[in-house]
Amino acid sequence: MADISQLGFSFVVEERKEVCGKDLGLLQEKLLQLNWGVQHPASGPMRLKVWIDGDEVVRIDPDIGYVFRLLEKLVEYRSWINAIVNVERICFMDDFGTMTGYSIAAEKIAGIEVPKKADYIRTILCEGGRIVSHLLGLGSFVGVMGVNTPMQWALIAREKFLDSFEIYSGQRIATSSIVPGGVRYEPTKKFIDKMLKAINYLEKEFIPRYEEVFIDNPTLKMRSKGVGVIPKEKAIKIGLAGPALRASGIASDIRKDYPYAAYGELDFNVVTKKDGDSYARYCVLFEELKESVKIIRQAIDGLPEGEYKVRFPIKIPPGEAYVNVEWARGCFGFHLVSDGGTGPYRLKMRAPSFANLWAMPEMIKGVKLADVPVIFASLYMCHGDIDR
């Protein structure tokens with residue numbers, strides 16, 4: 001067995017009673033505390049304080065704040081349109097969802113209704129962003145088990161969608177393409193063709209091949225089934241969001257429950273699983289790829305004619321609005337306040353990754369140390385979302 005000091009951990013010994021309470025062991029018994037992170041190969045830009053007894057995890061405390069960027073504060077110094085640059089940088093993996101939530105909140109305060117065509121374009125972009133994010137989530141989940149092939153396959157598929165975003169906006173990641181009042185650009189035939197090419201590749205190449213090799217996989221199931229279980233009642237109590245919540249059997253999806261953009265006019269299913277373990281959360285991500293493909297096809301087929309944006313005023317009346325959108329990682333809330341000025345007076349964001357992170361201490365009870373990265377990856381978090 002490798003010397004643990006060579007794996008990037010620092011460690012201290014603490015009394016078990018100080019960590020777990022008197023009822024969990026003899027007062028003289030010692031625990032090892034591992035500092036998991038902050039280096040990127042461990043848990044990314046965050047630290048996990050892990051207490052272990054042998055190789056059994058007794059307790060875990062997430063330590064966040066290592067990429068804190070004050071994005072909510074920075075928008076107070078931007079105009080209503082320019083603030084979108086800060087909003088989309090909450091998480092680069094799915095910035096279309098955050099841009100949509102902020103834009104709808106601003107439009108509610110301003111009393112503006114965007115053209116129907118803008119709603120359809122927003123839906124196409126949001127589902128493209130969801131696919132890009134889910135692909136990285138799938139590859140990362142298997143990657144923590146030491147297998148690199150899924151991530152390579154995911155990146156190949158991701159490039160197809162980034163190509164379409166580049167044609168639409170000129171940018172591959174930070175596009176700033178969804179703004180208050182609609183969307184920035186008219187969708188061209190070249191963009192639509194690229195998006196169709198991307199979803200065709202996903203549907204005909206990536207999904208069947210990935211499902212054959214990395215879904216019904218005995219080794220992957222052995223490592224993830226029954227690991228990090230959160231029952232339905234506990235998931236509700238903790239406040240889980242998105243795929244993590246739906247993997248515990250709760251069919252909660254803002255796109256269905258409180259439709260926005262064009263979702264109310266499109267047909268799709270809310271993917272749920274009942275086991276609530278790491279494998280179930282992984283499978284929800286995979287199944288949601290199919291639903292996103294279905295949504296994009298319908299939105300492209302039903303794309304209406306007309307304007308794709310309306311003029312958004314420099315100043316809007318005093319007021320406030322709260323908007324929820326179904327981001328890739330779950331329900332993302334935007335509380336936006338206007339004081340009648342040229343930009344936001346205050347923006348508070350309710351981030352799903354932040355909510356999901358605090359389920360981790362509940363999931364690790366009795367698991368082995370090797371299960372920690374599997375559980376962490378199954379929660380499908382974005383550190384920029386947590387340290388927004």
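Residues numbered from 1 in each chain as written. Predicted model: local features only at pLDDT ≥ 70, side-chain atom pairs only at ≥ 80, totals over all residues. Heavy atoms only, no water.

Just give me the short version of the state of the cysteines, but keep the residues and values in it.
Per the counting criterion, the structure on display carries one disulfide. In this model, C91 is linked to C382 through a disulfide, with the two sulfur atoms separated by 2.4 Å. Residues C91 and C382 are joined through a disulfide that is right-handed, its torsion about the S-S bond being 110 degrees. Placement of the pair is C91 in the loop between helix 4 (84-88) and helix 5 (95-110) and C382 in the loop between helix 16 (372-378) and helix 17 (383-386), with a sequence separation of 291 residues. (Disulfide = S-S within 2.5 Å. Helix = DSSP H or I, 4+ residues; strand = E, 2+ residues; numbered from the N terminus.)

Describe the environment of G319, with residues and values.
Within the fold, G319 resides in strand 7 (residues 319-327). Spatially, the C-alpha atom of G319 lies 23 Å from that of G97, the residues being 222 residues apart in sequence. The residues touching G319, leaving out its near neighbours within four places in the chain, are I109, L336, V337 and S338. (Contact = heavy atoms within 4.5 Å.)

Could you give me a rundown of the pattern of salt bridges, with the residues and numbers involved?
Per the stated rule, a full pass over the model turns up 25 salt bridges. Note that E265 and K116 form a salt bridge whose closest N and O atoms lie 3.5 Å from each other. With E265 in the loop between helix 12 (254-257) and helix 13 (278-301) and K116 in helix 6 (residues 116-143), this residue pair connects regions lying 149 residues apart in the sequence. Taking relative accessible area as the criterion, E265 reaches 46% and is therefore assigned partly exposed. For K290, the salt bridge goes to E287, with nearest N and O atoms at 3.5 Å. In this pair, K290 and E287 are both assigned in helix 13, three residues apart and thus about one turn of the helix distant. On the basis of relative accessibility, which here comes to 28%, the residue K290 falls in the partly exposed class. Classification of E287 as partly exposed rests on a relative accessible area of 23%. Ionic contacts of the salt-bridge type, sharing partners, join the residues E127, R130, R246, D253, R255, E288 and E326 into one network. (Salt bridge = Lys/Arg side-chain N within 4 Å of Asp/Glu carboxyl O. Buried < 20%, exposed > 50% of the residue type's maximum accessible area, 1.4 Å probe, protein only.)

Give me the lowdown on the nonpolar core, citing residues and values where you can.
Nonpolar side chains tend toward joint burial in soluble globular proteins. Ranked by internal contacts, the top residues of the largest apolar core, which has 90 residues, are L202, F206, Y210 and Y282. Ranked by the residues each element gives to this core, the list is headed by helix 6, at twelve residues. Once residues within four sequence positions are removed from consideration, Y282 is found in contact with L138, F141, V142, Y210, F214, I215 and L220. Among the nonpolar cores identified, the runner-up in size contains 28 residues, and L48, V57, V227 and I364 belong to it. (Core = buried A, V, L, I, M, F, W, Y, C linked by side-chain atoms within 4.5 Å.)

How would you explain the pairing of strand 4 (residues 56-63) if you had to name every residue and give the values?
For strand 3 (residues 47-53) and strand 4, the ladder comprises seven bridges, and the chain directions are antiparallel. Bridge pairing in strand 4 links V50 to I60. Linking two consecutive strands that pair antiparallel, namely strand 3 and strand 4, is a turn of two residues; a positive phi of about 70 degrees is found at G54 within it. (Pairing = 2+ DSSP bridges.)

Which residues make up the packing of aromatic side chains, and what are the values?
Considering all chains together, one arrives at 14 aromatic pairs under this definition. For the ring pair Y168 and F191, a centre distance of 4.9 Å and an interplane angle of 45 degrees mean the geometry is tilted. Here F191 lies in helix 8 (residues 189-214) and Y168 lies in helix 7 (residues 149-169), a separation of 23 residues in the sequence. Of the two residues examined, Y168 and F191, each falls in the buried class. Ring centres of Y260 and Y263 lie 5.1 Å apart, and the angle between their planes is 65 degrees; this geometry places the pair in the edge-to-face category. (Phe/Tyr/Trp six-rings, centres within 6.5 Å; stacked < 30°, edge-to-face > 60°.)

Explain the packing of helix 7 against helix 8 to me, and be specific about the residues and the numbers.
Where helix 7 meets helix 8, the axes come as close as 8 Å, and the angle between the chain directions of the two elements is 170 degrees. With respect to their mutual orientation, helix 7 and helix 8 come out roughly antiparallel. Here the residues of the contact of helix 7 with helix 8 sort into 19 nonpolar, two polar and five charged. (Axes fitted to C-alpha atoms, helices over the stretch in contact; angles between N-to-C directions. Parallel < 35°, antiparallel > 145°, perpendicular 65-115°, else oblique. Nonpolar A, V, L, I, M, F, W, Y, C, P; charged D, E, K, R; others polar.)

Which residues make up a nonpolar patch on the surface, and what values do they have?
On the surface, F68, L70 and L74 cluster together into a nonpolar patch covering about 290 Å² of accessible area. Note on placement: L70 falls in the loop between strand 4 and helix 3 (71-74). The exposure class of L70 is partly exposed, given its relative accessible area of 46%. (Patch = residues over 30% accessible without salt bridge, like charges linked within 9 Å, V, L, I, M, F, W, Y side chains within 5 Å. Areas by Shrake-Rupley, 256 points an atom, 1.4 Å probe, with all protein chains shown as cover.)

Explain the side chain of S248 to me, using residue names and the numbers behind them.
By the element assignment, S248 lies in the loop between helix 11 (243-246) and helix 12. Once residues within four sequence positions are removed from consideration, S248 is found in contact with I230, P231, K232, A235, K273 and G276.

Explain the environment of F141 to me, using residue names and the numbers behind them.
Mapped onto the elements, F141 comes out in helix 6. Exposure remark for F141: the relative accessible area of 1% places this residue in the buried category. In the structure, F141 is positioned 141 residues away from Y282 in sequence and 7.4 Å away in space, judged by C-alpha atoms. Those residues within four positions of F141 in sequence are excluded, and the remaining contacts are L220, S224, S278, Y282, V374, A377 and S378.

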